[in-house]
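Structural description and commentary
Next come the chains, spelled out residue by residue.
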Amino acid sequence: MVAAQQTPTFNNSIAPIAVYENVTKEAMGVISFLKYISTNRAVRSASIHATEALNEHGARMYMRRDVYESISAVYQNKKEMAQLQTEDRRLVDKTIQLFHNCGHGLEQGKAEIFNQITFRLNELESLHRRNMVEMVNNMWFTPMELDGLPEAFFEGRLMRTSKRGTQLMVTTDSPDYGDVMQYARNSETRKQMMFAYNIRCKENISILQETVDLRRKRAQLFGYRSHAAFMLRSQMAQTPDVALTTLSRAKDAVAENHKIRINTLAKLKRKHMDAARVPYTGFFDWDLSYYGRIFSQATYSYDTEEIMKYFPVPHVIRSILKIFQRMLGLQIFKLNCADEDTWHPDVEVFEVCEADDEAKLVGYFYVDLYKREGKYNSITQFPICDGYTNPDGTRQVPVSALMANFPPKSPDPAKPTLLSHGSVKTLMHEIGHVFHHLCARTKWSVLHYGQLERDFVETPSKMLEQWCWQPRILQKISAHYITGHPLPEEKAERVIEVSRYNTQSTYMDNMFLGLYDMAIHDSSSQIDVLQTFVTMSREIQLSNTAGHYGWPTRLGNIAHLMSGYDARYYSYVWSEVHSVDMFATRFAQEGLENPETGLDYRREILQPGAGRPAHIGLERFLGRKPNTTAFTKQLNAHK
């Protein structure tokens, strides 16, 4: 229909494609979601194959020359473009960009090469994703080898008997991996655990190498020097130089803090070894989390297990939702659903409405927090269905899912799963994504959430993390699982102080991966992805194991490089800069739960979705252009 138009217009050429996307994206979201949640491997496999087939079908439309010519005619019609509403004009811009990304505008010879590259890239990304979903690398340790782990770690754990005696199964997923690295007194246990974690999906390294080579070649077909230059033209940063400038500004402070931290913890380890009359052989990567915890306990009188008792999962979720429903002008209702209405009995469903009129439905979200076989092994948010306006004016509301991999839910309500402050912060971050997805309100589903600038999509969720650094908020979302008492103010302040110190590792990791991602994707010639990772690990992260003695890197485990963050991993640091700026400028000054500020935030940051350039809402909310002042101040305050 679109290709047959004699006189292409927005209504007969652009709108029909967008309506088609409304319907197909809705079905695609549900089908694709199954591979992350189903306990049935056959269903997960079917979901992967169906998703690949649907992606291929959708890609074929964007490969059609006749359809592109109709779209291009609308784009070049300046008179009609000037008369379109902002979101419709944005839709035309994004649609023509999607067609250009599919090779249109290239001469015939280059177009054929582009098609071959694109087909192979789709295969590689699918293979990488399948390896990540299906990876299993469990370890078996004796109770003695796990000495130091909290009692709760051992509850319900699979056991076996071997020549070494009774052994317990430990997965390399979170939170098992993090718990062992923080608590296991046995250095060899931590070393084996890190080795097992790093070696997962090692086949993905060669996949990444081929992918990076093909991405560079594809970008150069369009006349760009690198894949990064090609990808960033549609981002807030616009160019690799701008993104690298932000990373470089953060690097000096983060690297200095990291070096101080390493030296401090190495001295602590040496002191422990001397006291135990054990020779000190050095400070290794698998020592960082363990001695970081020991240092926190010694310096701040901080007991992680004791603090966790104040953060039972059910209370934390309820309390966070209460805070943000008030701030954003929403009402949130938990629905009573039968088991057959969800994919697992542990799953909860929530309905979201406007605070001033509960008849005005905003959307729905699922909460699936507990670990089980076959489930996606991390904490994240999935946009199952985007919102859009139907041709008859009715509204399809968005549907989102909050997923986590917390320890299995106890059948005893008196023994809820408990969270560390770090897990609470991560939970807050992902709930930030949920609210962004639900509060976006666009006419077209393609502009609801998926087409957001990648270097903006983390900003709202990073912004909501800021509430985890406020003592009063921590007290609100805490309740001792036995007494029900909130976290005492003194302890809340101590939690924040310790977490600020430990967050330096997160800053370092995000900065390192941002620089690494840019190094492999901003090169105009072939680059060895593994050797570059090893070299940068040594130089930036001060790793003394990377590349030594056959020690594997974690490069095969980094999903972001193959799932939409290629050349855009800098987004985490970029978003942190903007989120701290927004919080310091508005919420810290006007009130953490100020509903007027919250509604302003919802209107300017969340509601537009991808319906307009992200910098517009950011500048309107701030009342100026963003800057790095607040972020730099925060880094320097926690050296």
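Our subject in this report is the structure included herewith. (Residues numbered from 1 in each chain as written. Predicted model: local features only at pLDDT ≥ 70, side-chain atom pairs only at ≥ 80, totals over all residues. Heavy atoms only, no water.)

On to the overall build of the chain, then. Within the chain one finds 25 helices and 10 strands. The dimensions of the chain, computed from C-alpha atoms along their principal axes, are 85 × 55 × 50 Å. Taken over 639 residues, the chain has a buried fraction of 54%. Summarising the internal contacts of the chain: among those between residues at least 6 apart in sequence, 73% fall at separations of at least 24. Approximately 28300 Å² of the chain is accessible, and the part contributed by carbon and sulfur atoms is 51%. (Helix = DSSP H or I, 4+ residues; strand = E, 2+ residues; numbered from the N terminus. Buried < 20%, exposed > 50% of the residue type's maximum accessible area, 1.4 Å probe, protein only. Contact = heavy atoms within 4.5 Å. Areas by Shrake-Rupley, 256 points an atom, 1.4 Å probe, with all protein chains shown as cover.)

Taken as a whole and assessed by the stated rule, the structure comprises 34 aromatic pairs. The interplanar angle of 70 degrees and the centroid separation of 5.5 Å between the aromatic rings of Tyr-224 and Phe-230 together place this pair among those described as edge-to-face. Residue Tyr-224 is classed as partly exposed on the basis of its relative accessible area of 30%. Ring-pair connections join several aromatic residues into one group, and the members of that group are Phe-324, Phe-435, Trp-467, Phe-583, Phe-587, Tyr-601 and Phe-621. A cation over an aromatic ring shows up here: Arg-190 above the ring of Tyr-290, its NZ or CZ 4.3 Å from the ring centre. (Phe/Tyr/Trp six-rings, centres within 6.5 Å; stacked < 30°, edge-to-face > 60°. Lys NZ or Arg CZ within 6 Å of the ring centre and 35° of its normal.)

Another point: helix H12 (residues 240-275). Taking 1.5 Å per residue as the helical rise, H12 with its 36 residues ought to reach 52 Å, and the 50 Å between its terminal C-alpha atoms agrees with that figure. At Lys-251, H12 shows its largest bend, some 35 degrees. Arg-277 lies just past H12 and shows a positive phi near 55 degrees. (Expected span 1.5 Å × (residues − 1). Bend = angle between axes of the 7 residues up to and from the residue.)

For the rest of this paragraph, the subject is the side chain of Ser-478. Turning to its location among the elements, Ser-478 is positioned in the loop between helix H19 (471-477) and helix H20 (489-521). The class of Ser-478 is buried, set by a relative accessible area of 4%. In this structure the side chain of Ser-478 is engaged in a polar contact, spanning 2.9 Å, whose partner is the backbone oxygen of Leu-474. Discounting residues that sit within four places of it in the chain, Ser-478 has contacts with Tyr-310, Phe-311, His-315, Pro-486 and Leu-487. (Polar contact = N/O pair within 3.5 Å; in protein donor to acceptor, adjacent residues only side chain to side chain.)

What follows deals with unusual backbone geometry. Phi at Cys-201 is positive, roughly 55 degrees, even though this residue is not glycine. The phi dihedral of Arg-277 falls on the positive side, at around 55 degrees, and the residue is not glycine. Along the chain, the position of Arg-277 falls in the loop between H12 and helix H13 (288-300). Its relative accessible area of 79% is what places Arg-277 among the exposed residues.

What follows deals with the pattern of salt bridges. Evaluated as defined, the whole model comprises 39 salt bridges. A salt bridge links Arg-602 to Glu-354, with the shortest nitrogen-to-oxygen separation between them at 2.7 Å. Here Arg-602, found in helix H23 (residues 595-606), pairs with Glu-354, found in strand E5 (residues 348-354); they are 248 residues apart in sequence, far enough to count as distant. Summarising the burial analysis for this pair, Arg-602 and Glu-354 share the class buried. Look at the salt bridges and you will find they share partners, linking Glu-125, Arg-215, Asp-566 and Arg-568 into a network. (Salt bridge = Lys/Arg side-chain N within 4 Å of Asp/Glu carboxyl O.)

Before going further, it helps to examine the nonpolar core. Core analysis: the largest hydrophobic core is formed by 153 residues, its most contacted members being Phe-311, Leu-369, Leu-427, Trp-467 and Tyr-601. If we ignore the near neighbours within four places in the chain, the residues touching Tyr-601 are Met-327, Leu-328, Pro-460, Met-463, Met-582, Phe-587, Leu-606 and Phe-621. Judged by nonpolar contacts, the second largest core, of 17 residues, contains Phe-153, Leu-168, Val-180 and Met-194. (Core = buried A, V, L, I, M, F, W, Y, C linked by side-chain atoms within 4.5 Å.)

You can see Arg-215 is positioned in helix H10 (residues 203-221). Given the relative accessible area of 1%, Arg-215 is considered buried. Once residues lying within four places of it in the same chain are set aside, the contact partners of Arg-215 are Leu-121, Glu-125, His-227, His-521, Leu-561, Met-562 and Asp-566.

With eight of eight residues buried, strand E10 (residues 399-406) is to be regarded as a mostly interior element. Side-chain alternation along E10 places Val-399, Ala-401, Met-403 and Asn-405 on one buried face and Ser-400, Leu-402, Ala-404 and Phe-406 on a second face that is also buried. In this sheet, E10 lies alongside strand E6 (residues 357-370) in parallel orientation, the contact comprising six bridges. Following the sheet pairing, Tyr-364 is matched in E10 by Val-399. With five bridges joining them, strand E7 (residues 380-385) and E10 adopt antiparallel strand pairing. Its bridge partner being in E10, Thr-380 is matched across the sheet by Met-403. (Pairing = 2+ DSSP bridges.)

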